[in-house]
Structures are given as C-alpha cells and as structure tokens.
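# Coordinates in review
Now for the letters of each chain:
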Amino acid sequence: MASYLWAKRAASFLRVSVPFRSFATVLKDLKYAESHEWVKVDGGDIAVVGITDHAQDHMGDVVYVELPKVGTQVKQGKSFGSAECNKTVIEINSPISGNIVQVNEEVRDSPGLVNASPFEKGWMIKVEMKDAEELKSLMDADHYSKFCQEEQDRDH
Amino acid sequence: MRLPLMNLFKLNRMPILRQLHLEEMLMRTSSENWCIINDGTINPTIVMGISGKPQELLETESVLRDEIPVIRRMSGGGTVIVDQDTIFVTFICNKDTIPGLKPDPQRIIQWTGHLYETVFNGIGNFSVCENDYLLGERKFGGNALSITSKRWLQHTSFLWDYKKSNMSYLKLPQKAPNYRQGRSHLDFICRMKDYISRSGFIDETIRAAGSHFQLTPLHQKDGFLNQQYEHLRSRLLTIDELEEAAVYTPAVATRV
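Residues numbered from 1 in each chain as written. Chains lettered and ligands numbered in written order. Predicted model: local features only at pLDDT ≥ 70, side-chain atom pairs only at ≥ 80, totals over all residues. Heavy atoms only, no water.

Moving on to the overall build of chain B. Each helix and strand counted, chain B has eight helices and 13 strands in total. Projecting the C-alpha coordinates of chain B onto the three principal axes gives extents of approximately 60 × 40 × 30 Å. The buried share of chain B, taken over its 256 residues, is 56%. Look at the contacts in chain B between residues 6 or more apart in sequence, and 79% of them connect residues 24 or more apart. In the form shown here, chain B has an accessible surface area of approximately 11,300 Å², with 49% of it arising from carbon and sulfur atoms. (Helix = DSSP H or I, 4+ residues; strand = E, 2+ residues; numbered from the N terminus. Buried < 20%, exposed > 50% of the residue type's maximum accessible area, 1.4 Å probe, protein only. Contact = heavy atoms within 4.5 Å. Areas by Shrake-Rupley, 256 points an atom, 1.4 Å probe, with all protein chains shown as cover.)

Right, here's the structure in full:
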C-alpha cells in the first residue's frame, strides 16, 4: 500500500470533499508495515495479511481487489496484489516473506469487505512464513499508531 | 532551484495497447520520470479500467459484430473508446519527484489539473470536477492512475474529437459522477477541437510540463519501443470473454 494521506480539508478546486478521521482502529496483537499492511501469526508458521483500518479509510471505497494464486511466493516489502479505489490501482505489499497457502476469495467477490472489516473479513492472504524473524522488523500497535500520527502531521 | 528531469516521448498513432505496454514497462523497470504524448491511435478501440466488466459497460453484441478490440488496462478508472482523434497524455513519476506533492490520487489529479489549467489559459472554462476534466459542464478527459510504493502513473485520453457512432458501443455506467446528472453520453462530453487546435494542445501541454520539469525529448524510434514486454497486465480481451459477456444480462443495463 503506497504511503499517502488524504488532504484534510475539502479540495475546492476539485469541487469534492475529502473525508477525514482522527482515529483509526489499531489492534494490539498485530504487527504493522510502514506501507500500512498488517500481519497476524495464526498458529505455527502461518501469517494472515491485510491492510489497516487507517489505509482503507484514506483510500475510500475499494471496488476491486487483485490477489495472487495459492502457491505464489511473496517477499517482505514487495507487491503481492492491488486494490482499486477512486480510479486508482494501488499496490499492496507483503509485510512477510513466504509461500501463499490461502487467498480470501470473499474479498475478491466483495471488495467492500476491505473497508467494512479490514482486520477480520477483509484479510487478503495467508502466508507460510519463510523466516519468522522478519516480524521483528515490523511495528507493534503503539509504534504504528505513532507512525500514522507523524505521517498525518507531516502532511498538514 | 533546478527542475526535476523528465523524458518526453512524443508518439504518433501508436496503437493504444502498445502504448499501455510501454507505460507499464516504464513504470515497473525505469527509475526515471516520463511524459508520454501519443497523438491518436490507429483503430477505434475500447479501453476499460482494471476492474471493468464488459457485460456492464459495453453493448457487447455490437462490439462483437463490428469487431471492436477491447482492452483492460492496468490502471483504475472508467471506460473510453479511443481512435485517431484521441490525444493521450501520461505522466510517470517517482514519488518524491515533485516537491511537496504526496503521491495520493486526489493530490496527483489536482496537480495535473493545475497543469492543464495553464494549457487552456482561460479558454473554455476549464475545471476539474469529481476527477474529470471539464470544459464548461462537459467532460473531455478523465483520470486513471496507478500507484506503487515508489512511483505513480497518471494517464488521460483526451477527446479532441469523436464519432457519435462510436459512443453507441458504451453503456451508461452504473456508477456515474454526480455532476453527470443522468445526461446521456453525447450530452455529457465535448470535443476539445471546439476550443483549441490539436497542435496547440500538444504544444501547450509540453510547455506546461516544461515549467515543472527539465524535459529531454526522445525520438519515437528509441530502443524502448522495440523491446518485448512480458507479464504485462494491460491486455486484449478474447472473443470468448466478450461472447460470454454478451449472454450475461446484468440487473441494470442502459444504453448511453
């Protein structure tokens, strides 16, 4: 997910208003990437990946999600799929390296789940981790909350 | 302050699929900035965004009957039908290229809006409305973007002119901008040629780009164009896919 934030006030030149929320949900038990994806270890070496509430809130309505096939290799920090919102295809990066063992078909059929339930029904892929040590390079919830706030402050 | 560098690729009647492949290749494999201007394409071609569904967007029986090629491109956005009277302009930039510009869709569109405002320079009451480019109350170009962690691409197909008969291949989209207000396609769009000459638009666009970037023109026969590209997402839909769409009846289907 490319790192960006929506303008806070209405872009009068575009004659549109831009929604803004001060607080997005950040779950305690997850780890987070600077590109706004989350990862949760789901028993053993399996990690579940999705995009954060902060990300979906700033993207707007997700109308399409492109996900890879089971068996695809993913690499930490590299793109594994994309989402379309507001005429834009945005790359989604994997916060962890490994082999994709499951893809959320429900999100393919109902991309709005990414907006409605980014941490639960909107999960995207499950990855058999190549190296669990990679999780240490990701942010915890507090650090991610601070990161989002700093990013927001830089943009205003 | 020195302006960022940008390569300027002026093309003439490059087939649109080839142009899209070139853009995708430059987006993925180049670390330089690019402005691509293609003065028309050869044959009428329908181009949908990445999520476009032909059964919802096209009069597929007519499209099949008249053998109109249909492309699904790698960027988002809506459906257009392009031909020799369409002028294509694309910007591909590293995310930090333009000082102060954060690579999010609305800010990129706003930046292009300011650029094109100088192109029209008071002619035709140019504005950007709900991500479309308007002259007065009518659309003459839209936006389609692709953003990665390091780069962004924004491209537009401008209606310098169009044939009414070509518009009949497109359905009224289920999701339309508010400012469209239910207008038919022909009441919603306008021809750029009623406001500016073809060469004038291209020259002024290059001039406007030149106020933001240090442009390096490249010749059309540069080596990039001869490369074979693999694993590209922009592609031609097959006859089978269009035939399958033709037998599918969505809940709402309205001719434009």
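Residue and element names in this part refer to chain A. For helix α4 (residues 141-154), spanning 14 residues, the distance from its first C-alpha to its last is 20 Å, which sits close to the expected 20 Å at 1.5 Å a residue. Along α4, the positions that sit buried rather than exposed are A141, Y144, F147, C148, E151 and Q152. With its buried residues spanning 130° around the axis, α4 presents them on a single face. Opposite the buried face of α4, at more than 90 degrees from it, the exposed residues are D142, K146 and R154. Contact partners of the buried residues in α4: β1 (31-32) and α1 (53-59). A distance of 3.3 Å separates the backbone nitrogen of D142 from a side-chain oxygen at the start of α4, and that oxygen is part of D140. (Expected span 1.5 Å × (residues − 1). Arc of directions from axis to C-beta. Polar contact = N/O pair within 3.5 Å; in protein donor to acceptor, adjacent residues only side chain to side chain.)

This part covers the pattern of salt bridges. Under the criterion given, the structure shown has 16 salt bridges over all chains. Residues D66(B) and R65(B) are paired through a salt bridge, measuring 2.9 Å at the closest nitrogen-oxygen approach. The salt bridge involving K139(B) is made with D132(B); its shortest N-O contact spans 3.5 Å. Under the relative-accessibility criterion, D132(B) is labelled buried at 1%. Put simply, K87(A), D132(B) and K139(B) are held in one network by salt bridges that share partners. (Salt bridge = Lys/Arg side-chain N within 4 Å of Asp/Glu carboxyl O.)

So, on to the environment of S82(A). In this fold, S82(A) is placed in strand β6 (residues 79-85). The class for S82(A) is buried, based on a relative accessible area of 3%. A C-alpha to C-alpha distance of 8.4 Å links S82(A) and N93(A), two positions 11 residues apart in sequence. Each residue touching S82(A), except ones within four places of it in the same chain, is listed here: Y64(A), V65(A), E66(A), V89(A), I90(A), E91(A), I92(A) and R233(B).

Moving on: the packing of aromatic side chains. Summed over all chains, the structure comprises 20 aromatic pairs over all chains. Relative to W111(B), the ring of F91(B) has its centre 5.5 Å away and its plane inclined at 85°; by these criteria the two rings are edge-to-face. Of this pair, F91(B) sits in strand β6 (residues 86-94) while W111(B) sits in helix α4 (residues 105-120), and the two are 20 residues apart along the sequence. Neither residue differs from the other here; F91(B) and W111(B) are each classed as buried. Between F158(B) and F201(B) the ring centres are 4.9 Å apart and the planes differ by 65°, which places this aromatic pair in the edge-to-face class. Here the residue F158(B) occupies a position in strand β11 (residues 151-159), and F201(B) occupies one in helix α7 (residues 198-210), the gap between them amounting to 43 residues. This pair shows no difference in class: F158(B) is buried, exactly as F201(B) is. Across the ring face of W123(A), the terminal group of K126(A) is positioned such that the distance to the ring centre comes to 5.0 Å. Over the face of the ring belonging to Y162(B) we find R191(B), whose NZ or CZ atom lies 4.0 Å from the ring centre. (Phe/Tyr/Trp six-rings, centres within 6.5 Å; stacked < 30°, edge-to-face > 60°. Lys NZ or Arg CZ within 6 Å of the ring centre and 35° of its normal.)

Applying the stated criterion to the full structure yields zero disulfides over all chains. Of all cysteine sulfurs, the one in C85(A) lies closest to C148(A), which takes part in no disulfide; the gap is 16 Å. Looking at C35(B), it has no disulfide partner, and the nearest cysteine sulfur is the one in C93(B), 8.9 Å off. (Disulfide = S-S within 2.5 Å.)

That's the geometry; what it means functionally is another story.
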